[in-house]
Amino acid sequence: QLQLVESGGGLVQPGGSLRLSCAASGFTLKYYAIGWFRQAPGKEREGVACIRSSGGSTNYADSVKGRFTISRDDAKNTVYLQMNSLKLVDTAVYYCVTNWDQWCTRGYYSSSSSIAAIRNWGQGTQVTVSS
């Protein structure tokens, strides 16, 4: 069974931090790129960040650049999203998705057409930023 499971979400105050995890099972994650996406209530799903296979490059949405960091621990078959300086607008359900390395390209993984092609969304993990 091929599966990605998101975890680490929760309730945090503005300015706080959370670390999300994306754990892979049924396949070896180190050969693939991983992207984080999010969807806020009443809004379209948007790309947050992606990372290519081990040693590869990263890409970030302008809205999170400088605050979020995507990383991977291939020995643990897991990808992380460190979220610092959280804002109210970061409140959303966060999802992770895997694909070939070429998919993680600035201007492509986060495009509406690329997001629309994704069909295997998981349950996601809820991040709520509130005081």
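Bear in mind that the values here come from a model prediction, so they are computed numbers and not experimental data.

### Section: the sheet that holds strand 1 (residues 3-7)
The strands making up a sheet associate through backbone hydrogen bonding, with each pair oriented either parallel or antiparallel. Spatially, the four strands line up as an open sheet ordered 1-3-8-7, and their pairing is antiparallel. Strands with a single pairing partner mark the edges of an open sheet, and in this sheet they are strand 1 and strand 7 (68-73). Within this sheet the neighbouring strands show an average axis-to-axis angle of 15 degrees, counted without direction. Where strand 3 (residues 18-25) and strand 8 (residues 78-83) come together, six bridges link them in antiparallel fashion.

### Examining the state of the cysteines
On inspection of all chains with the given rule, the structure shows two disulfides. Each sulfur of the disulfide joining cysteine 22 and cysteine 96 lies 2.1 Å from the other. Every disulfide takes its handedness from the sign of the S-S torsion; for cysteine 22 and cysteine 96 that torsion is 80 degrees, giving right-handed. Separated by 74 residues along the polypeptide, cysteine 22 in strand 3 and cysteine 96 in strand 9 (residues 92-99) bring together distant segments of the chain. Like cysteine 22, the residue cysteine 96 is buried in the burial classification. Cysteine 50 shares a disulfide with cysteine 104; S-S distance 2.0 Å.

Rules behind the numbers
Residues numbered from 1 in each chain as written. Predicted model: local features only at pLDDT ≥ 70, side-chain atom pairs only at ≥ 80, totals over all residues. Heavy atoms only, no water. Pairing = 2+ DSSP bridges. Helix = DSSP H or I, 4+ residues; strand = E, 2+ residues; numbered from the N terminus. Axes fitted to C-alpha atoms, helices over the stretch in contact; angles between N-to-C directions. Disulfide = S-S within 2.5 Å. Buried < 20%, exposed > 50% of the residue type's maximum accessible area, 1.4 Å probe, protein only.

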